Amino acid sequence: MERSSSAHQSLFPKAPSFTLEDFSGKDFIVRDFVDGLAENAVPPNRRSGPPQTSFDPRPMIRTFENVLSQLAALGDELQEKESGLLSQVRRAEVQHDQTLDTLGRKLDQTMTSFEALDVSLNASNSTALDANGRSDGGGNFAVQVGEKLKELDRKRSQTRDAIFLVQCWNEITETGQVASLEDIRRQGGAENKVRVAVIARQLMRISQQLDPASWGQANGYRNGTASSKAASPTRAHNSRETLEKFCETLEQDLLKQFNNSYRRQNFEDMMECAKVLHDFNGGASVIAIFVNQHQFFIDRDQLMNDEVTADGDVWDALADPDSDPPGVEPSLQSLIDEVRIVMQEESFIIKRAFPYYETVLVKFIQRVFQQSIQQRLEKVLDKAETISTLAFLRSLHSSRSYIGALVEDLKTHGLTENPEPCSAQIAQALEQQLDELFVPYLVGNTYIERERKSLEEMYSSLLFRFTIYHSRRKKASTGFMASLAQQGTQLIAAAKDAYLERLESSDLTETQKRVMLRVAGLKDKDNKNEVEVSEEDGALSVANAKRMLKWLAESVQRTLELGSQADTPKDMNVLLNLLLTSMGQVYIQTALDAAQVQATMLESAKAEPDLSYMPTTRPAVTVSAIMDRFITVVLIRLAELNTPVRKNMEAQKKAAIDSIEKKTNAVMSSSIEVATNWVSKSLSGQKKHDFKPKDVELESLQTPTCLSICTFLGRASKHAAQALDGQNAERFFSELALAIHHLLFDHFKKFPVNATGGLMVTQDIAKYVATMRDWPLGNDVAGAVEMLTEIGSLFIVGPEALRERSRTLVPGQTGAKGKLSKGDFRAFVQRREDSGTVGIQSVLGGL
């Protein structure tokens, strides 16, 4: 029976059963569901056996029939549930509509009640309707009611205060005590303290009016004067003394409380005390106690007596004009750095502790600058002044810059307005304190005179050897040149005497004297009037000029940062005058005067002149160009705001540069004259028969005169090339070449020439031309020099060649540059030994 049952179960498997949950999953797929039913409809033994010859659909039909019946039953069940849910939704909607109706009716009732109230209020207050017929909802009525209540309360408080004030006055006059006020004061609290302060102030005014006797004498008793007889009756108690004693006690208590709160960092209590004291006496006492007893001032007062003890090397660097300024003095720098921190920290406290914090901060700033910073600054500057004038100026500048940076930092930091910039009142207070610190050192012409004095000391020291050398040099023998150099001589003497006088001055510090000697290249033991100098000391130096301009540039920078903008043009004019005197006249023009004197003395020299003085003009031109550039770019440009001063400076500069250029041109002109005179003198020494030699006498094709002149011109050209370049060199050499050209042109018209001498003339001229060909000449001058070679050929070519040459001549006695005239041609040919022959005469006759 069990096998039969087993076989029966395998042949006819139980049909699958389903519920609604099987079809409600997200993973349900119809196709997979149908495939699963078809797969389960075939028995397993048939699926695994041999293939059937025909398909049996009955198991599958029975399976799908069973499933369809179950699906129909599930569909009915689902429909029933859906109907139930729809019924519930309809019931909920009906209930919701009923709720909305109920709420709407209640809202309408509320609005109706509100409008009825509004109408009643408007009717009672008789308020007018606006343009649209709407009322203000009774707002005006409510405001008026509130104001009336407030006014009644204020009057009630005034009445109560008046009653209390009368009671207090009676206490004072009858008992000489202020017990009621003392009771309120002991209760504590900011409100009570303010009230006590206000009442005390009112009682003080009452005392002045009702008890004038107490204000007229110390003990409160009437005196016998006529004025006191009209006063109030004599009182046993002095109301003024009583009130002043109470006010003093109240003030001291408040100040003590303020101090205790400050130590505990209780800013709220500090604010309360500050408010009371401000109402009581304007807050002067609490501001004073906060500022004067600040720990910063207590600590700094103990340090202010310390001397300025910076490193000696720092002071030496301050006094040395060639070293960079070392910056602000260390003790002053430390103070400024501490002030920056304290100001930022205390501004935070001041804003939280005082209702009138800007007033307190201004007082604090004034105390910091006028006490701490000013005292230390004065010590630093006093110490710097004992070192040197330059050390004082540099210390003043560095201090002003560092303190100015502090002020800008505080203004930007904002202090009580942090992180925003500080208010206009605080910014003005900071700038005012900064200005007041340095006014004593910058007022009037005090500062620029110090700058001028310092520069004069350094310039006179640097040029001392130069002035000594030129004060000893040989002067021009001619009265005319001596008169030209007289002004320069006076300036040289003045500069030397000023240096010696300053060096021996009693107010000169040891450091300053040591620096001046070092700059001058001297030793303390040297006799200043017997100093040994060399030609190098008397020559111009571009390096020294740059040092002078560097010192001046540093002075200009200080003047711009320390002086006022309105005074800048005048200050630049002062520095310009100093520069034009020291560098323009004492330095550049003195060197040019010396060169001019040497050139003048050599114009009539009997021996070959030495033109080694010419290279001194090169640094003169360079230094004057540098000076001109500095004046134009720096000094004059900084004076643009003052047109008259600027035009005056431009005129001074132009006059100085014109004077330098004129003296430079005079030196060059004299040098050309010296060279030309010597060439002329050398040519005049040419022997008459040098160009008619006998064959036995011929040793060289060039004459000694030519060789000596070319050697001299070679040396002269080297000196000139060291002195000039560019267009200046071209102009100089062109003028010298033209002068020599004219001398040679006339020279070869004077000497008879034979056949051999013609070769010598040709070689001499070739040597002259070769010497001048190396010079930087203009095109027209170079053509004139090359024309000299044609002159030499006139002494050696035959009649036919001369005839051919005569066809290119220009009419007249003298030709233009680069061209030979008929008159010159005749003069040269007639000096030939064979000029009387028929062939030569025919050529000359054809002219």
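Residues numbered from 1 in each chain as written. Predicted model: local features only at pLDDT ≥ 70, side-chain atom pairs only at ≥ 80, totals over all residues. Heavy atoms only, no water.

Draft legend 1. The arrangement of the overall build of the protein in detail. For the protein, the count of helices and strands is 35 helices and zero strands. Expressed as a percentage of the 847 residues in the protein, the buried residues total 40%. Taking as baseline every contact in the protein between residues at least 6 positions apart, the subset at least 24 positions apart corresponds to 76%. Only carbon and sulfur atoms are counted for the fraction: they give 52% of the accessible area of the protein, which is about 46400 Å². (Helix = DSSP H or I, 4+ residues; strand = E, 2+ residues; numbered from the N terminus. Buried < 20%, exposed > 50% of the residue type's maximum accessible area, 1.4 Å probe, protein only. Contact = heavy atoms within 4.5 Å. Areas by Shrake-Rupley, 256 points an atom, 1.4 Å probe, with all protein chains shown as cover.)

Draft legend 2. Expanded view of the packing of helix α31 (residues 755-773) against helix α32 (residues 779-793). Where α31 meets α32, the closest approach of the two axes is 8 Å, and the angle between their N-to-C directions is 175°. Classified by the angle between their axes, α31 and α32 sit roughly antiparallel to one another. Here Gly758, Val761, Thr762, Ile765, Val769, Met772 and Arg773 of α31 lie close against α32, whose contacting residues are Val785, Glu786, Leu788, Thr789, Ile791, Gly792 and Ser793. Taken together, the residues of the contact of α31 with α32 sort by class into seven nonpolar, five polar and two charged. (Axes fitted to C-alpha atoms, helices over the stretch in contact; angles between N-to-C directions. Parallel < 35°, antiparallel > 145°, perpendicular 65-115°, else oblique. Nonpolar A, V, L, I, M, F, W, Y, C, P; charged D, E, K, R; others polar.)

Draft legend 3. Up close: the pattern of salt bridges. In this structure the tally under the stated criterion is 28 salt bridges. Here Glu608 and Arg715 are joined by a salt bridge, their closest N and O atoms 2.1 Å apart. In this pair, Glu608 is assigned in the loop between α26 (568-602) and α27 (617-638) and Arg715 in helix α29 (residues 704-723), connecting sequence segments 107 residues apart. Since its relative accessible area comes to 40%, Arg715 is described here as partly exposed. In this structure, Arg803 engages Glu800 in a salt bridge whose closest nitrogen and oxygen atoms are separated by 3.1 Å. Placement of the pair is Arg803 and Glu800 together in helix α33 (residues 799-806), with a separation of three residues, close to one helical turn. A relative accessible area of 59% means that Glu800 is categorised as exposed. In this structure, a network of salt bridges that share partners links the residues Asp320, Asp322, Arg518 and Arg547. (Salt bridge = Lys/Arg side-chain N within 4 Å of Asp/Glu carboxyl O.)

Draft legend 4. Structural context of the packing of aromatic side chains. Tallied over the full model, the rule gives 16 aromatic pairs. Centre to centre, the rings of Phe258 and Phe354 are 5.4 Å apart; their planes meet at 50°, and the pair counts as tilted. With Phe258 in helix α10 (residues 239-263) and Phe354 in the loop between α15 (330-353) and α16 (357-385), the pair connects residues that are 96 residues apart, well separated along the chain. We classify Phe354 as buried; its relative accessible area is 1%. Ring centres of Tyr459 and Trp551 lie 6.2 Å apart, and the angle between their planes is 25°; this geometry places the pair in the stacked category. Residue Tyr459 is found in helix α19 (residues 446-462), and its partner Trp551 is found in helix α25 (residues 542-562); the two are separated by 92 residues along the sequence. Assigned by exposure class, Tyr459 and Trp551 land together as buried. (Phe/Tyr/Trp six-rings, centres within 6.5 Å; stacked < 30°, edge-to-face > 60°.)

Draft legend 5. Inspection of helix α23 (residues 510-520) at higher detail. Residues of α23 that are buried include every one of Thr511, Gln512, Val515, Met516, Leu517, Val519 and Ala520, and no others. After α23 finishes, the residue Gly521 shows a positive phi value of roughly 75°.

Draft legend 6. View of unusual backbone geometry. One non-glycine residue, Gln265, lies in the positive phi region at around 60°. Locating Gln265 in the fold gives a position in the loop between α10 and α11 (267-281).

Draft legend 7. Structural view of the state of the cysteines. All chains considered together, the criterion is met by zero disulfides. Here Cys706 is not cross-linked by a disulfide; its sulfur's nearest cysteine counterpart is in Cys710, at 4.0 Å. Of the residues examined, Cys706 reaches a relative accessible area of 0% and is grouped as buried. (Disulfide = S-S within 2.5 Å.)

Draft legend 8. Quick peek at the packing of α27 against helix α28 (residues 643-684). With their axes 11 Å apart at the nearest point, α27 and α28 run at an angle of 170° to one another. As far as their axial angle goes, α28 and α27 are roughly antiparallel. Where α27 approaches α28, its residues Thr617, Val621, Ser624, Met627, Asp628, Ile631, Thr632, Leu635 and Ile636 are matched on the opposing element by Arg646, Met649, Glu650, Lys653, Ile657, Ile660, Thr664, Val667 and Met668.

Draft legend 9. Just the nonpolar core, in detail. Counting residues in each nonpolar core, the largest one holds 125 residues, and the members touching the most others are Phe354, Phe369 and Ile373. The next biggest cluster of nonpolar side chains, apart from the first, holds 59 residues, and it includes Cys706, Leu713, Leu802 and Phe825. (Core = buried A, V, L, I, M, F, W, Y, C linked by side-chain atoms within 4.5 Å.)

Draft legend 10. Region of the structure containing the environment of Glu251. By secondary structure assignment, the location of Glu251 is in helix α10. Residue Glu251 is classed as buried on the basis of its relative accessible area, which comes to 17%. Note: C-alpha distance between Glu251 and Ala197 (54 residues apart in sequence) is 9.0 Å. Filtering out sequence-adjacent residues up to four positions away, Glu251 remains in contact with Leu277, Phe280, Asn281 and Ser285.

Draft legend 11. Summary view of the confidence of the model for the protein. Of all residues in the protein, 83% have pLDDT values of 70 or greater, and the mean over the chain is 81. This stretch, residues 1-12, has a pLDDT under 50; its non-local contacts, to residues over four places away or in other chains, come to two contacts. Across residues 127-131 the pLDDT falls below 50, and counting only partners more than four positions away or on other chains, this stretch makes three contacts in the model. (pLDDT = per-residue confidence, 0-100.)

Draft legend 12. Region of the structure containing the side chain of Asp571. Along the polypeptide, Asp571 turns up in helix α26. Among buried charged residues, Asp571 stands out as having no salt bridge; its nearest opposite-charge side chain is Lys570, 8.5 Å away. (Lys, Arg positive; Asp, Glu negative; His and termini not counted.)

Draft legend 13. Geometry of the environment of Ala827. Mapped onto the elements of the fold, Ala827 is located in helix α34 (residues 822-829). In sequence terms Ala827 and Asp746 are 81 residues apart; their C-alpha atoms lie 9.7 Å from each other.

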